[in-house]
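# Commentary on secondary and tertiary structure
Residue-level listing of the chains:
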Amino acid sequence: MKAPAFDYIKVATVAEACAALVQHGPDARLLAGGQSLLPAMNLRLASPSVLIDIGRVHGLDGIEVRDGKLRIGALVRHETALRDAMIANHVPLLTEALRHVAHPAIRARGTIGGNLAHADPASELPACMLALSAVIEVTSPSGTRHVAAEDFFVGLFQTVLLPDEMLTAVEIPLPAPAWFFQEIARRSGDYAIVGLAASGTRLAFFSVADRPVLRQSTAALDLDPPSDLQATGAMRRHLANVLRDRALVAFGGRT
Amino acid sequence: MKIALTVNGETIRTEVEPRVHLGDFLREHLSLTGTHLGCEHGVCGACTVRIDGNLARACLVLAVQADGCDVQTIEGLSDSGEIADLQQAFHERNALQCGFCTPGMLIAAQDLLLRNPDPDRDTIREHLSGNYCRCTGYHAIVDAVMTTAKGRRGD
């Protein structure tokens with residue numbers, strides 16, 4: 001239950017972080033809040049040879065509304081976002097979802113960018129970003145590109161991030177439509193057995209596949225969730241339908 | 001790797017391997033064994049400390065990440081008298097049996113009380129949901145936190 005040995009580099013800028021990624025190759029990992037990476041290392045599920053600590057990089061912890069978008073910097077911590085009045089005002093879906101992310105001590109350290117880049121299919125935030133039509137800002141030595149959230153998550157803990165790229169912000173278009181968020185978990189703070197983040201007609205389910213799954217509220221629900229120790233695939237499919245029906249009732253539509 | 005941090009008000013300058021997490025650093029390097037290590041992957045809450053005024057899992061923070069930070073452990077909170085009433089309430093209400101979870105429970109409960117002087121039972125349970133007590137003493141723990149909140153409000 002102790003992490004294997006690794007080298008540690010602390011960087012001060014995004015450019016330094018990208019340069020370190022280029023220099024150290026695929027065995028290097030970025031360390032932000034560390035609330036997913038360090039447990040994985042303690043459990044020896046991950047053993048990067050180099051950790052590049054971006055925790056003190058300046059300019060990535062801002063929350064602002066500009067040009068019709070809510071922009072959240074990659075290093076904004078969950079607890080900060082949860083308490084942010086601007087987020088609560090403009091995107092209450094996100095505030096509600098953040099309440100369900102782990103526990104206060106984890107939220108106080110873990111970052112929004114780290115959560116998204118980790119691409120856990122059971123995590124609330126990737127699904128929220130799909131529902132909200134968010135755009136993810138990615139920076140590398142060759143510049144900045146923007147990726148739609150629905151193109152960003154490509155598999156179990158897999159994103160389209162290239163080895164020299166880092167996630168630097170996420171942007172949510174405003175105004176955000178009517179929303180609904182619920183997850184079914186055994187205990188507060190546990191991973192969801194099934195969850196749903198909905199924004200307008202966009203329903204994003206989590207814990208139902210190897211990545212968050214986006215469906216239109218008007219379409220039939222064609223999910224094929226996996227079975228594990230928490231629930232069978234059939235139970236997950238049932239619960240996903242229950243959550244969808246609740247969302248449609250909340251939106252005042254058909255049941 | 002060289003680090004400098006403040007632990008319970010005292011400046012510490014030392015050298016530490018990158019793989020050492022803050023929990024081990026506090027216990028093994030500074031002999032502050034009040035920070036307990038249970039699961040070491042962020043689930044049990046026994047290693048809860050304060051970093052720059054916010055809750056943190058000492059097992060999920062590397063000592064090198066705490067460079068430049070202000071760390072407070074149960075020893076600091078206890079010695080300063082900050083949580084004396086909370087400790088007394090835990091004692092009176094039998095809110096601990098083996099005591100393994102108690103340092104984490106106290107720090108997490110104090111974090112809530114600082115933010116919310118009048119929490120209801122559900123709020124307390126929610127805030128302590130990341131702290132496991134395997135002696136199943138939750139009811140008494142919630143009672144103790146309620147009592148402390150009431151006492152601080154002067155009700």
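What you are looking at is a predicted structure, and each value in this text was computed from that prediction instead of being measured. (Residues numbered from 1 in each chain as written. Chains lettered and ligands numbered in written order. Predicted model: local features only at pLDDT ≥ 70, side-chain atom pairs only at ≥ 80, totals over all residues.)

Within chain A one finds 10 helices and 14 strands. A compact globule built from 255 residues should have a C-alpha radius of gyration of about 18 Å, and chain A, at 18 Å, falls within 12% of that. By principal-axis analysis of the C-alpha atoms, chain A measures approximately 55 × 45 × 30 Å. When burial is assessed residue by residue, chain A has 47% of its 255 residues classed as buried. (Helix = DSSP H or I, 4+ residues; strand = E, 2+ residues; numbered from the N terminus. Rg over C-alpha atoms; globule rule 2.2 N^0.38 Å. Buried ≥ 20, exposed ≤ 12 C-beta atoms within 10 Å, placed from the backbone.)

Looking only at helices and strands, chain B features 6 helices and 5 strands. The N-to-C order of helical and strand elements in chain B reads β-β-α-β-β-β-α-α-α-α-α. For chain B, the C-alpha radius of gyration of 15 Å lies close to 15 Å, the compact-globule estimate for 155 residues. Overall size of chain B, expressed as C-alpha extent along the three principal axes, is 50 × 30 × 20 Å. Expressed as a percentage of its 155 residues, the buried residues of chain B come to 46%. Residue pairs in contact within chain B that sit at least 24 positions apart in sequence constitute 61% of those at least 6 positions apart. (Contact = placed C-beta atoms within 7 Å.)

The next subject is the sheet that holds strand β14 (residues 213-216) of chain A. All names here are of chain A. Spatial ordering of the open sheet is given by β11-β12-β13-β14, a layout of 4 strands whose pairing is antiparallel. Among the strands making up the open sheet, the edge pair consists of β11 (179-184) and β14. Pairwise comparison of adjacent strand axes, ignoring direction, gives a mean angle of 20 degrees for this sheet. Taken together, the 4 bridges between strand β13 (residues 202-206) and β14 define a ladder with antiparallel strand orientation. Bridge assignment links leucine 203 to a residue of β14, and that residue is arginine 215. Relative to the sheet, helix α8 (residues 124-131) contacts β11, β12 (194-199), β13 and β14, its axis offset from that of β13 by approximately 165 degrees. (Pairing = 2+ DSSP bridges. Axes fitted to C-alpha atoms, helices over the stretch in contact; angles between N-to-C directions.)

Every contact between the two is made by 27 residues of chain A and, on the other side, 23 residues of chain B. Those elements that provide at least two residues to the side of chain A that touches chain B are β1 (7-10), α2 (37-42), β3 (50-53) and α6 (104-107) of chain A. Within the side of chain A that touches chain B, the residues separate by chemical class into 15 nonpolar, 7 polar and 5 charged. (Nonpolar A, V, L, I, M, F, W, Y, C, P; charged D, E, K, R; others polar.)

Residues and elements named next belong to chain B. Of the positions making up helix α1 (residues 22-29), those classed as buried are Leu22, Gly23, Asp24, Phe25 and Leu26. Structurally, α1 contributes buried residues whose contacts are with β3 (48-51). Backbone geometry just downstream of α1 places serine 31 in the positive-phi region, at approximately 60 degrees.

Each regular strand shows side chains that alternate between the opposite faces of the sheet. A one-sided burial pattern is seen for β14 of chain A, the buried positions being Val213 and Arg215 of chain A and the unburied ones Leu214 and Gln216 of chain A. What sits between β13 of chain A and β14 of chain A in their antiparallel hairpin is a turn of 6 residues, with serine 207 of chain A showing a positive phi close to 65 degrees.

The next subject is the nonpolar core. Counting 124 residues, the largest nonpolar core has Ala17, Cys128, Ala197, Ala204 and Phe205 of chain A as the members making the most contacts within it. In this structure, alanine 197 of chain A is in contact with Leu93, Ala97, Glu124, Ala127, Cys128, Ala131, Phe181 and Ala204 of chain A, ignoring residues within four places of it in sequence. (Core = buried A, V, L, I, M, F, W, Y, C linked by C-beta atoms within 7 Å.)

Residue and element names in this part refer to chain B. Direction vectors running N to C along helix α4 (residues 102-115) and helix α6 (residues 138-153) enclose 40 degrees, while the axes themselves pass 11 Å from each other. Judged by the angle between their axes, α4 and α6 are oblique. Crossing hand, α4 versus α6: right-handed. Contacts between α4 and α6 involve Met105, Ala109 and Leu113 on the former and, on the latter, Ile141, Val145, Thr148, Ala149 and Arg152. Here the contact of α4 with α6 is built from residues that sort into 6 nonpolar, 1 polar and 1 charged. (Parallel < 35°, antiparallel > 145°, perpendicular 65-115°, else oblique. Left-handed = near helix turned anticlockwise from the far one by under 90°.)

For the rest of this paragraph, the subject is α4 of chain B. Residues that lie three or four places apart on an α-helix share one face, since the helix turns once every 3.6 residues. All names here are of chain B. End to end, α4 covers 20 Å across 14 residues, agreeing with the expected 20 Å (1.5 Å per residue, within 8%). The element α4 is extensively covered by neighbouring structure, given that 11 of its 14 residues are classed as buried. Regarding α4, the residues found buried are Thr102, Pro103, Gly104, Met105, Leu106, Ile107, Ala108, Ala109, Gln110, Asp111 and Leu113. (Expected span 1.5 Å × (residues − 1).)

All names here are of chain A. Strand order in this open sheet of 3 strands is β1-β3-β2, and the pairing throughout is parallel. In this open sheet, the two edge strands, each paired with only one partner strand, are β1 and β2 (28-31). Pairs of neighbouring strands in the sheet enclose a mean axial angle of 25 degrees, with direction left out of account.

Next up on the list: the confidence of the model for chain B. In regions of low pLDDT, the predicted coordinates are not meant to be interpreted in detail. For chain B, the average pLDDT comes to 97, and 100% of its residues sit at 70 or higher. Interface confidence in the predicted complex, given as ipTM, is 0.94; pTM for the same model is 0.95. (pLDDT = per-residue confidence, 0-100.)

Residue and element names in this part refer to chain B. At a minimum axis distance of 9 Å, the contact between helix α3 (residues 84-92) and α6 shows a crossing angle of 140 degrees. By the angle class used here, α3 and α6 are oblique. Taken as a pair, α3 and α6 cross one another with a handedness that is right-handed. Residues Asp85, Leu86, Ala89 and Phe90 of α3 form the contact with α6, whose own contacting residues are Ala144, Thr147, Thr148, Gly151 and Arg152.

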